[in-house]
Amino acid sequence: MTGTRIAALGHYQPAKVLTNEDLAALVDTSDEWISSRVGIRTRHMAGPDEPVDELAAHAAGKALATAGLAATDIDLVLVATSTAIDRSPNTAARVAARLGMASPATMDLNVVCAGFTHALATADHAIRAGAARRALVIGADKMTEVTDWTDRTTCVLVGDGAGAAVVEAVEDGADPGIGPVLWGSVPEMGHAVRIEGTPPRFAQEGQSVYRWATQQLPALARQVCERSGYTPEDLAGVVLHQANLRIIEPLAAKIGAVNAVVARDVVESGNTSAASIPLALAKLVERGELPSGAPTLLFGFGGNLSYAGQVVRVP
């Protein structure tokens, strides 16, 4: 195989919307405090009867419909998530069962907020190697289920949702639509973002993450562009992990993508962890803000202080 491309995207968010005013009734906070510090105004919240695999299946079904494919056309399902409560069956297997797939390989990847870009690279590698023909790559998280609703430093950040991409081989001789990945981590700083304990709870060292993201990641993102044969000025879109608007805006500026549309879905969706990049990308494409074929930087970062990025051409 000469390369792969994203054939279609899909996204899903639960119906319930939690506003900053709603949170102010739960903890000592306010719309002004939240907006000024993280830029978030609303987030979506799944109910107790909406597990992560259901969110993922909704997004995947939309991606399949957009691609004009049946579930049986997929032979690899990768789900990036860190909030699946059950160990087995894994989330990918449950998504495959919900969609009625035949006999796909099914795997979950837990790289927290960088999960989707890791999974996208894994699908690209599998198809190039001939191990799969067509893959569903899904980022899905139910962060509200691992949140301490008495901690105003974290409960104001999170939301639930899912985004999905259909990935397939490009035609012979065509340019790849998914560029080479740059990925890595800072293992000694893994404590900076955590989902630990029984029951599991999300916690982070906000200032450490902010400094690392704004100081270290711009150079890494520029390396991603270089590997794909682009300059930052060539980019039509930049979709970073939607952690915090106060991280996204300076990071995008330091990358130097002066002509790009920058995703700011965090304002209405909050931090949806592995779902944030495909969710934001699918919305930009659906609204026509990124035209077909537009070179777009995807860059995930956060949990484990892991990162992964690639330049893709949008479907």
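The structure we're discussing is the one just above.
Described below are features of the structure shown in this document. Please read these numbers as outputs of a predicted model, since none were measured by experiment. (Residues numbered from 1 in each chain as written. Predicted model: local features only at pLDDT ≥ 70, side-chain atom pairs only at ≥ 80, totals over all residues. Heavy atoms only, no water.)

1. A word on the sheet that holds strand β7 (residues 160-169)
Argument step 1. Strand order in the open sheet made by the five strands is β1-β7-β6-β4-β5, with mixed pairing throughout. Edge strands, defined here as strands with exactly one partner in the open sheet, are β1 (4-12) and β5 (105-109). For this sheet, the mean inter-axis angle between neighbouring strands, taken without regard to orientation, is 20°.
Argument step 2. Both strand β4 (residues 76-80) and β5 contribute to a ladder of five bridges, which runs parallel. Bridging from a neighbouring strand, V77 pairs with T106 of β5.
Argument step 3. Taken strand by strand, helix α4 (residues 91-99) contacts β4, β5 and β6 (134-142), and its axis lies near 135° from that of β5.
Argument step 4. In the packing of helix α10 (residues 276-286) onto the sheet, the strands contacted are β1, β6 and β7, and the crossing angle to β1 comes to about 95°. (Pairing = 2+ DSSP bridges. Helix = DSSP H or I, 4+ residues; strand = E, 2+ residues; numbered from the N terminus. Axes fitted to C-alpha atoms, helices over the stretch in contact; angles between N-to-C directions. Contact = heavy atoms within 4.5 Å.)

2. Structural notes on the side chain of S306
Argument step 1. If you trace the backbone, S306 turns up in strand β14 (residues 306-313).
Argument step 2. Contacts of S306, omitting those with residues within four sequence positions, involve V111, A114, H118, G184, S185, W212, G300 and F301.

3. Focus on the packing of helix α7 (residues 206-228) against helix α8 (residues 245-255)
Argument step 1. Direction vectors running N to C along α7 and α8 enclose 35°, while the axes themselves pass 9 Å from each other. Viewed along their axes, α7 and α8 form a crossing whose handedness is right-handed. Residues Y210, A213, T214, L217, P218, A221 and R222 of α7 pack against R246, I247, P250, L251, K254 and I255 of α8. (Left-handed = near helix turned anticlockwise from the far one by under 90°.)

4. Some thoughts on the nonpolar core
Within soluble globular proteins, side chains that are nonpolar tend to cluster in buried spots.
Argument step 1. Core analysis: the largest hydrophobic core is formed by 48 residues, its most contacted members being L240, L297, F299 and F301.
Argument step 2. If you list the elements that add at least two residues to this core, you get α2 (31-38), α7, β11 (237-240), α8, β13 (295-301) and β14.
Argument step 3. Considering every element that reaches this core, the biggest residue donor is α7, with eight residues.
Argument step 4. Apart from residues no more than four positions distant in its own chain, F299 is found in contact with T117, L217, L220, A221, V224, V239, L240, H241, I277, Y307, A308 and G309.
Argument step 5. Grouped together as the second largest cluster of nonpolar side chains are 31 residues, A165, I178, A263 and A280 included. (Core = buried A, V, L, I, M, F, W, Y, C linked by side-chain atoms within 4.5 Å. Buried < 20%, exposed > 50% of the residue type's maximum accessible area, 1.4 Å probe, protein only.)

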